[in-house]
Amino acid sequence: MVDSRSGGGAPTVLRVVLGRRLQHLREKCGLSYEEAGQALDVTHATVRRMEKAEVGLKVLYVEKLLHTYGVTDQSEVEQFIALVRQANQPGWWHRYRDVLPEWFSAFVSLESESHVIRAYEPHYVPGLLQTEEYARAVLRAGMPHVPEEEIRRQVALRRERQAILEREEPPMLWVVMDETVLRRSLGGPEVMREQIDALIESARHPQVRLQIMPFSVGPHPAMYGPFHLFRFPIDELPDVACAESLVGAVYFDQRDDVTTFLEALDRMCAQAAPVSRTETILSAMRKEI
C-alpha cells in the first residue's frame, strides 16, 4: 500500500517495472539491501527506495548495481540504461504540473499505461467519459474558490487524458456507475443532456463497457466510495487499486488488497444492469431531464 501523501515524486509505470527488475536481480544473486548499498556507498534504505520506485533511478547507480549483480552482457546493460533514461523523462502530464496534485500524477501515469481500467463511481461520470462542460461543473463544485484559469487547465488535462481511448490499441474501460450519478444535476439540464448523449456514444465504443447500478438493487459491496483498478500488459507489474479521498489517494498493489477490490467489482457487475441495457437506461433518463 502506498499513501500518495507521503511524497517522493510520482513514479512512472516504467520506473516501477525497472525497480522490480533490480529487486529480482539482487535477490537472484543473494545480496541483501545492505550489501547492495555498500556497492554504491549508500544506505540500504536508498536501495530499497530505488526498488520501490520512491526515488528516481540514477544511471551511475544502476550501472554499478548491474555490475554487482553479475549482468556482464554489454548490450543488456545498454538496454537497461536506455529504459532508465526513458523512465526518468517526465510524462506528457508534466506540463500540467501547476494544477496537478502529486497524488494525481501517479494516477495519470497508471491510467496511461494500463490495458484494462475498471472503476466504480458513485458520484460523478468518470473523468475519461466526461464532456468539457460537465467536467467544468464537477471541478467548479469541488474547487469553488480557485481562479477560472486553473479550472480551464484542469479541464484541458481531463480532455487530454481521454485521448487514450482513441489510441490504436486503447485500454479496456469497464465502469460501474451508480444511478445517483445520472440523477445529480451538474451544470444544468443542457449540460446533463449533452453528457448523457456522450455516455451513449461512449457505450458504443468497442473498448468501453458501461453498467448502471440502479437504486432498485439495494446495497452493494462498494457503497463506501469510488475506486479504480488498473491492469498492465507487463508481467513484472501487479494490478493496482486506487481509492480516492478529499486529500489524496491510497494505492494498493498487494495481492490480498487488490483481490478485495476485484471481488467487489465482480459482484457489482453481476448486480448492475447488464451492458446490453445501458443505452436504454441512459435514453430513458435523458427524457426525464
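Residues numbered from 1 in each chain as written. Predicted model: local features only at pLDDT ≥ 70, side-chain atom pairs only at ≥ 80, totals over all residues. Heavy atoms only, no water.

A closer look at helix α6 (residues 102-113)
Three or four residues apart is the spacing at which side chains of an α-helix point the same way, because the helix has 3.6 residues per turn.
Okay, so step 1: If you check α6, its first and last C-alpha atoms are 18 Å apart, about what 12 residues at 1.5 Å a residue would give, namely 16 Å.
Okay, so step 2: Buried residues dominate α6, accounting for 10 of its 12 residues.
Okay, so step 3: Taken as a whole, α6 has its buried residues at W103, F104, S105, A106, F107, V108, S109, L110, E111 and S112.
Okay, so step 4: Next to the buried residues of α6 lie α1 (13-28), β2 (116-121), α8 (148-161), β5 (227-231), β6 (240-245) and β7 (248-252). (Helix = DSSP H or I, 4+ residues; strand = E, 2+ residues; numbered from the N terminus. Expected span 1.5 Å × (residues − 1). Buried < 20%, exposed > 50% of the residue type's maximum accessible area, 1.4 Å probe, protein only. Contact = heavy atoms within 4.5 Å.)

Examining unusual backbone geometry
Okay, so step 1: One non-glycine residue, D41, lies in the positive phi region at around 60 degrees.
Okay, so step 2: Counting through the fold element by element, D41 comes out in the loop between α2 (33-40) and α3 (44-51).
Okay, so step 3: Its relative accessible area of 71% is what places D41 among the exposed residues.
Okay, so step 4: Even without glycine at this site, A53 takes up a positive phi of about 60 degrees.
Okay, so step 5: For A53, the position within the fold is in the loop between α3 and α4 (59-68).

Re the packing of aromatic side chains
Okay, so step 1: Across all of its chains, the model carries seven aromatic pairs by this definition.
Okay, so step 2: For the pair F104 and F107, a centre-to-centre distance of 5.0 Å together with 10 degrees between the ring planes defines the contact as stacked. Remark: F107 and F104 occur in helix α6; sequence separation between them is three residues, near one turn of the helix. Across the pair, exposure class does not vary: F104 and F107 are buried alike.
Okay, so step 3: Considering the side-chain rings of Y120 and F227, the 6.4 Å spacing of their centres and the 50 degrees angle between planes classify their relative orientation as tilted. Residue Y120 is located in strand β2, and its partner F227 is located in strand β5; the two are separated by 107 residues in the primary sequence.
Okay, so step 4: You can call Y120 buried: its relative accessible area is 2%.
Okay, so step 5: An aromatic cluster is defined as three or more aromatic residues linked by ring pairs; in this entry it consists of Y120, F227, F252 and F261. (Phe/Tyr/Trp six-rings, centres within 6.5 Å; stacked < 30°, edge-to-face > 60°.)

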